[in-house]
Amino acid sequence: MLQISVIRQNQLEVIEGLGKKNVPDAAEKIAEILQLDDQRKQWRTELEKLLTDRNQFSDEVGKRYKEGDKEGAEAIKVKVNALKDKTAELEVLLGNIEKDLDGLLYLIPNLPHASVPPGKTPDDNEEYQSWTAELPVLSEHALPHWDLAKKYNLFDLELGVKITGSGFPVYRGKGAKLQRALIQFFLDEAVNAGYEEIMPPLLVNEASATATGQLPDKEGQMYYVAKDDLYLIPTAEVPITNILRDVILDAAKLPVKMCGYTPCFRREAGSYGAHVRGLNRVHQFDKVEIVQVAHPDQSYQVFDQMIQHVSQILAKLELPYRILRLCGGDMSFASALTFDFEVYSAGQKRWLEVSSVSNFETFQSNRLKLRFKDGKQSRLAHTLNGSALALARIVAALLENNQTAEGIIIPKALIPYTGFDRIS
RNA sequence: GGAGAGGUGCUCGAGUGGUUGAAGAGGCACGCCUGGAAAGCGUGUAUACCUUUGCGGGUAUCGAGGGUUCGAAUCCCUCUCUCUCCGCCA
């Protein structure tokens, strides 16, 4: 969440930024927050004064007893008891106002970076890097990946329905091997780029989901295990970033680079139709995530690095891709800047989102209490993450783009991982 | 799941109601000493918030939350986590 001190010092910029993210009534909301905060401060000051008195009186009681002045002590006790009513009252008021204030702050999204274009829908996203070479053109007999899957027995969605429900693919044979190969390939790429590999829990508690911003904003998107009060992770970002919750890092340790493979679980309620067919949108998919924690002065350099990293992987997979700079309306709640990667899926003649790289600046670290020592001072670090990469749609594009009369050709870079060079 | 023992600062560890935000030791930082180093000596070494132009002052925090009390790291309750033994188990 945003820091109150930042909101206070930059009211106009904050309101303007929230406007770009299409937050309705931003000015009113900020005014309300600041007003609550003023009240909070006033009550806190009052309370602390009373507590100071109470502490002093209590010390005095102890001294009187030691000196044998029992009557004096009793007299002071009466005074303290009078104070206690007032402090109890103020404590309730303060507790409530702090809760209200937090509630409001949790609903305020991060401010967009200056370079973020205005806009409301994906149509307003800006093409940051387009695909200049020719797009693959397939023969008339080319199939979408869901038909290829049937033809070569690679994954089975109906079977997933039987076992679990819609949106839970069952990969099999070479389809399963291809999944494993991609995961391994992506992990190797990340580790070679200096990321520490993490294998985290797939369920997280409420504190973790809140710290990275999924709660309360995206509560309905996560699978929830009520009996144990745990959430299935929608991305490895959640457990991995939370490794550093409540941590104060040595500045020399920045940037911290971590990566991890996990399945991702998303409820994605209420979507039907051709554009979500096959692997285009599923409830469970595999993804390798890269996470960095950076010094605020360097986080945009780190961001560029991450963009390069993802670009390289796509190039090695020989997939046509483009990079979009998301507009204010299409960005996630917690992000300050997001670039999406889309690959071209020739069987469907569509661009599919396969990666999203974001800089959250201090939005997550404020909730996480993730700081670093800048001399004697501790400051909030910047957090960034990106998919490198999400599998399901990569698989869709690979199958479709590489289909030939002789089968599906595996890109060279992947062959060492799959152990086969074509699916036929 | 059952029984027991515990959770104190960067680490170890003392502390069962009153100048204890916390002894002592270690680590670390800085200074003195030294040709340099070690040893030795000295100083410093949590976080958040409120207040103050600043120096500073204050409040809270000894797993978490509540209670008792003039006063709680210390007493009581609930929760949680760790360890040991038993049970179950990939």
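Look up a bit, the structure's there.
Please read all numbers here as calculations on a predicted model, not as lab measurements.

The rules behind these values
- Residues numbered from 1 in each chain as written.
- Chains lettered and ligands numbered in written order.
- Predicted model: local features only at pLDDT ≥ 70, side-chain atom pairs only at ≥ 80, totals over all residues.
- Heavy atoms only, no water.
- Near = heavy atom within 4 Å.
- Polar contact = N/O pair within 3.5 Å; in protein donor to acceptor, adjacent residues only side chain to side chain.
- Helix = DSSP H or I, 4+ residues; strand = E, 2+ residues; numbered from the N terminus.
- Buried < 20%, exposed > 50% of the residue type's maximum accessible area, 1.4 Å probe, protein only.
- Contact = heavy atoms within 4.5 Å.
- Core = buried A, V, L, I, M, F, W, Y, C linked by side-chain atoms within 4.5 Å.
- Patch = residues over 30% accessible without salt bridge, like charges linked within 9 Å, V, L, I, M, F, W, Y side chains within 5 Å.
- Areas by Shrake-Rupley, 256 points an atom, 1.4 Å probe, with all protein chains shown as cover.
- Salt bridge = Lys/Arg side-chain N within 4 Å of Asp/Glu carboxyl O.
- Lys, Arg positive; Asp, Glu negative; His and termini not counted.
- Charge placed at Lys NZ, Arg CZ, Asp CG, Glu CD.
- Pairing = 2+ DSSP bridges.
- Axes fitted to C-alpha atoms, helices over the stretch in contact; angles between N-to-C directions.
- Parallel < 35°, antiparallel > 145°, perpendicular 65-115°, else oblique.
- Left-handed = near helix turned anticlockwise from the far one by under 90°.
- Nonpolar A, V, L, I, M, F, W, Y, C, P; charged D, E, K, R; others polar.

I keep staring at the protein's contact with RNA strand B and nothing clicks. Help me out?
Around RNA strand B sit 20 residues, and of these T45, E48, S58, R371 and K373 come closest. The sugar-phosphate share of atoms of RNA strand B within 4 Å of the protein amounts to 71%. Between RNA strand B and the protein, one listed contact pairs a phosphate oxygen with a side-chain N or O atom of S378 at 3.3 Å. Counting only elements with at least two residues in the surface near RNA strand B, the list comes to α3 (26-67), α4 (70-106) and β14 (371-374). With twelve residues, the top contributor of residues to the surface near RNA strand B is α3.

Mind showing me how you'd approach the environment of I183 here?
Residue placement: I183 occurs in helix α7 (residues 174-192). Look at I183 and you get buried, because its relative accessible area is 12%. C-alpha of I183 to C-alpha of T262: the two residues are 79 residues apart in sequence and 9.3 Å apart in space. Not counting the four nearest positions on each side in its chain, I183 is found in contact with Y261, D286, V288 and L391.

When you look at the nonpolar core in this model, what are you seeing that I'm missing?
As a rule of thumb, soluble globular proteins bury nonpolar side chains together. Within the largest apolar cluster, 62 residues are counted, with the highest numbers of intra-cluster contacts made by L182, F186, L314 and I394. Excluding residues within four positions of it along the chain, L182 makes contact with L317, L391, I394, V395, L398 and L414.

Which parts of the structure should I look at to understand a negative patch on the surface?
Taken together, the side chains of E206, E219, D228 and D229 define an acidic patch exposed on the protein surface. Counting through the fold element by element, D229 comes out in the loop between β6 (224-225) and β7 (230-232). The partly exposed category is assigned to D229, whose relative accessible area is 33%.

Please clarify how the sheet that holds β14 should be interpreted in this entry.
Within a beta sheet, neighbouring strands are joined by backbone hydrogen bonds and run either parallel or antiparallel to one another. In spatial order, the strands read β8-β14-β15; together these three strands make up an open sheet with mixed pairing. The open sheet has two edge strands, β8 (248-250) and β15 (377-380), and neither has a second partner. Between one strand and the next, the sheet's axes are offset by a mean angle of 40°, whatever the strand orientation. Across three bridges, the pairing between β8 and β14 is parallel. Looking across to β14, one finds that I248 is bridged to R371.

What exactly am I supposed to notice about the packing of α7 against helix α12 (residues 391-401) here?
Between two packed helices, the angle of one axis relative to the other and the distance separating the axes together describe the packing. It is at 11 Å that the axes of α7 and α12 come closest, and there the two elements cross at 115°. The orientation of α7 relative to α12 falls into the category roughly perpendicular. Considering how the two elements wind past one another, α7 and α12 form a crossing that is right-handed. Between α7 and α12, the residues in contact are L178, Q179, L182, I183 and F186 and L391, I394, V395, L398 and L399, respectively. Here the residues of the contact of α7 with α12 sort into nine nonpolar, one polar and no charged.

Explanation requested: the environment of M258 in the structure shown.
With respect to the helices and strands, the residue M258 is situated in strand β9 (residues 256-265). Sequence-wise, M258 and Q3 are 255 residues apart; in three dimensions their C-alpha atoms are separated by 26 Å. Excluding residues that lie within four positions of it along the chain, M258 makes contacts with Y195, E196, I198, I240, I243, L244, E289, I290 and V291.

Just to check I follow, could you spell out the pattern of salt bridges for this structure?
Oppositely charged side chains can pair when the atoms bearing their charge come close. As enumerated under the stated definition, the model contains 15 salt bridges in all. Notably, a salt bridge pairs R44 with E48, separated by 3.3 Å at the nearest N-O pair. On the criterion of helical spacing, the pair formed by R44 and E48 is a turn pair, its members being four residues apart in helix α3. You can call R44 partly exposed: its relative accessible area is 29%. For E48, a relative accessible area of 41% gives the class partly exposed. In this structure, the salt-bridge partner of E126 is R325, at a minimum N-O distance of 3.1 Å. Here E126, found in strand β1 (residues 126-129), pairs with R325, found in strand β11 (residues 321-325); they are 199 residues apart in sequence, far enough to count as distant. Relative accessible area serves as the criterion here: at 13%, R325 is assigned to the buried category.

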